[in-house]
Amino acid sequence: MRAFVTVGSTKFDELVQHTLSEEVLVSLKKQGYQELAIQCGNSAFELASSVANGSEHRFERQGISMECWKFKPTLEAEYDRADLVISHAGLWNPWQYCSQPLIQEAIAGSGTILDVLRRGKRMIVVPNETLLDNHQKQLAVALEEKGHLQSSTVSMPPRALEAVKLDTNEDPAGFEAKNVHEIYDTIASHFSSTRYKPWPIIAKFLSDLPTGWVGFDSGTGNGKYLPLPIDRPGAIWTVGMDRSRNLLEIARHAGEGNVIREVVWGNALDNPWRPNAFDYAISIATIHHLATYERRRLAVQRLIQAVSADHGRVLIYVWAIEQDELSKRKVSVEDDPEANEKGKDVMVPWVLSKSIGKPSPDASQPEVFNRYYHMFAKGELATLASDAAKELGLSVGARDSSTQGVEIVQDGWERSNYYVELRRWSKSSWGRP
């Protein structure tokens, strides 16, 4: 993979120098990046003399092939080649054209940001706070709140998450109600405003389903996956289920037009469906909110039970201990030797702006809500799915002589998440596609 760093038409010494640090390069290498291009402009940094005459400097560090240069007539080709773009905010002063909430108008003159977002590329914006009366920072924060991109600073390290341990005498359902469900009802509007862009693997899963299939989304949140696939609207029909009534109100109107979505108020552990009623099911960023292994296993079983025994497909996403370079979170495992096998329970803060949601007792400060998460270790989700299927009496693996089974057809990591795709099969379905 290839990363591209650009500072635009001026200079950004700190960003360029920090990109060349061992810490950043090791992180990029770990995430699979083999190439790094840096458009350094007039920045002052350790290799500035190598590009002073306008030449291109090529070298290698930490196993990454790198190139550095000052300017090119156009950066279009670099945007096309890059898998990740790290940029300054990329404009002069958009606020002279519009007010902050009008995001689409704001990015209309924003150069780098608009060019990259139009291509659907992953992007980190690092405002140069020494320029532009902080307008870059305003734009970056506004776009991040809308879910367009990730904003950061040169000096801001990922935040270490606080570990938590459920007391053996504590009721897990009560713990989840306090540390998950009540919080999402409170932050529903703000949360929804940051969650609207479908993730590629999930979008492809839904796009590949046959026309006419019906499924459900367990933990649908604001319903952003209910309108998919975008290229075949109405080809499949997904019913959304969530514990948060406030999020369900938003989910009912997910997508464009006046389509009213079907949503159900329910718990991922409930079993409200007729067995094998659906063709497919998805559970995106939900099961990691369940506080015990037994409850997480039961949630997977509910998904398996709800889909067709002959052809049912299930896609599950959960947060991973291994966070990528875009993440503001860090999960420490040094003090927990079992975390790399069994995962780790943490509290993840959500900062609710004082102007959104319920008023804060202290109107001068935003409210911070700590949500419970079980961060999954590598291989843990696939093992959980296998255990869930076996406890239901199903064979795990490719079709064999057993009566019924479940095959794990995908088991991977994407953007700080682990995912698995399951496919049910039965003897009666042999010979079918």
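Conventions we followed
Residues numbered from 1 in each chain as written. Predicted model: local features only at pLDDT ≥ 70, side-chain atom pairs only at ≥ 80, totals over all residues. Heavy atoms only, no water. Pairing = 2+ DSSP bridges. Helix = DSSP H or I, 4+ residues; strand = E, 2+ residues; numbered from the N terminus. Phe/Tyr/Trp six-rings, centres within 6.5 Å; stacked < 30°, edge-to-face > 60°. Buried < 20%, exposed > 50% of the residue type's maximum accessible area, 1.4 Å probe, protein only. Lys NZ or Arg CZ within 6 Å of the ring centre and 35° of its normal. Salt bridge = Lys/Arg side-chain N within 4 Å of Asp/Glu carboxyl O. Axes fitted to C-alpha atoms, helices over the stretch in contact; angles between N-to-C directions. Parallel < 35°, antiparallel > 145°, perpendicular 65-115°, else oblique. Left-handed = near helix turned anticlockwise from the far one by under 90°. Contact = heavy atoms within 4.5 Å. Nonpolar A, V, L, I, M, F, W, Y, C, P; charged D, E, K, R; others polar. Core = buried A, V, L, I, M, F, W, Y, C linked by side-chain atoms within 4.5 Å.

**Quick word on the sheet that holds strand β16 (residues 344-352)**
Part 1 of the argument: On the basis of which strands lie adjacent, the open sheet formed by 3 strands has the order β9-β16-β17 and antiparallel pairing. Looking at which strands have only one partner, the edges of the open sheet turn out to be β9 (162-163) and β17 (367-375).
Part 2 of the argument: Two strands pair when backbone bridges link them, and β9 and β16 are joined in this way by 2 bridges, in the antiparallel orientation. Considered in β16, the bridge of A163 is made with V346.

**Brief notes about the packing of aromatic side chains**
Part 1 of the argument: What the rule picks out here adds up to 11 aromatic pairs.
Part 2 of the argument: Aromatic pair W273 and F278: ring centres 5.0 Å apart, planes at 85°, arrangement edge-to-face.
Part 3 of the argument: By relative accessible area, F278 is classed as buried at 7%.
Part 4 of the argument: Every member of this aromatic cluster is reached through a ring pair, and the members are F4, W69 and Y79.
Part 5 of the argument: Between the NZ or CZ atom of R245 and the centre of the ring of W265, over which it lies, the distance is 3.8 Å.
Part 6 of the argument: Cation over ring: R329 sits above W319, and NZ or CZ is 4.1 Å from the ring centre.

**Notes on the pattern of salt bridges**
Part 1 of the argument: Within this structure, the stated rule accounts for 18 salt bridges.
Part 2 of the argument: The partner of R2 in a salt bridge is E35, with the nearest N and O atoms 2.9 Å apart. Here R2, found in strand β1 (residues 2-6), pairs with E35, found in strand β2 (residues 35-39); they are 33 residues apart in sequence, far enough to count as distant.
Part 3 of the argument: Since its relative accessible area comes to 5%, R2 is described here as buried.
Part 4 of the argument: For E35, a relative accessible area of 33% puts it in the partly exposed group.

**Digging into the packing of helix α10 (residues 293-306) against helix α12 (residues 380-391)**
Part 1 of the argument: In contact at an axis separation of 9 Å, α10 and α12 are set at 65° when each is read in the N-to-C sense. Relative to α12, the element α10 is oriented roughly perpendicular. Helix-helix and strand crossings are classified by hand; for α10 and α12 the assignment is right-handed. When α10 is examined against α12, the residues Y293, R296, R297, V300, Q301 and I304 are found in contact with a partner set consisting of L384, A385, D387, A388, A389 and E391.
Part 2 of the argument: By residue class, the composition of the contact of α10 with α12 is 7 nonpolar, 1 polar and 4 charged.

**Regarding the sheet that holds strand β19 (residues 404-414)**
Part 1 of the argument: Within the open sheet, the 8 strands sit side by side as β12-β11-β10-β13-β14-β20-β19-β18. Their pairing is mixed. Each edge of the open sheet is held by one strand with a lone partner, namely β12 (263-265) and β18 (395-396).
Part 2 of the argument: Bridge count between strand β13 (residues 280-284) and strand β14 (residues 313-319): 5 bridges; the pairing is parallel. For Y280, the partnering residue across the bridge sits in β14 and is R313.

**Focus on the nonpolar core**
Part 1 of the argument: In terms of nonpolar packing, the biggest core is built from 31 residues, with F216, I287, V300, I304, I316, L381 and L422 touching the most fellow members.
Part 2 of the argument: Put simply, the parts of the chain that give this core at least two residues each are β11 (237-242), α10, β14, α12 and β20 (417-426).
Part 3 of the argument: Setting aside residues no more than four positions away along its own chain, L422 makes contact with I304, G312, R313, V314, I316, A385, V406, E407 and I408.
Part 4 of the argument: F191, L352, F369 and M375 belong to the second-largest nonpolar core, a separate cluster that totals 26 residues.

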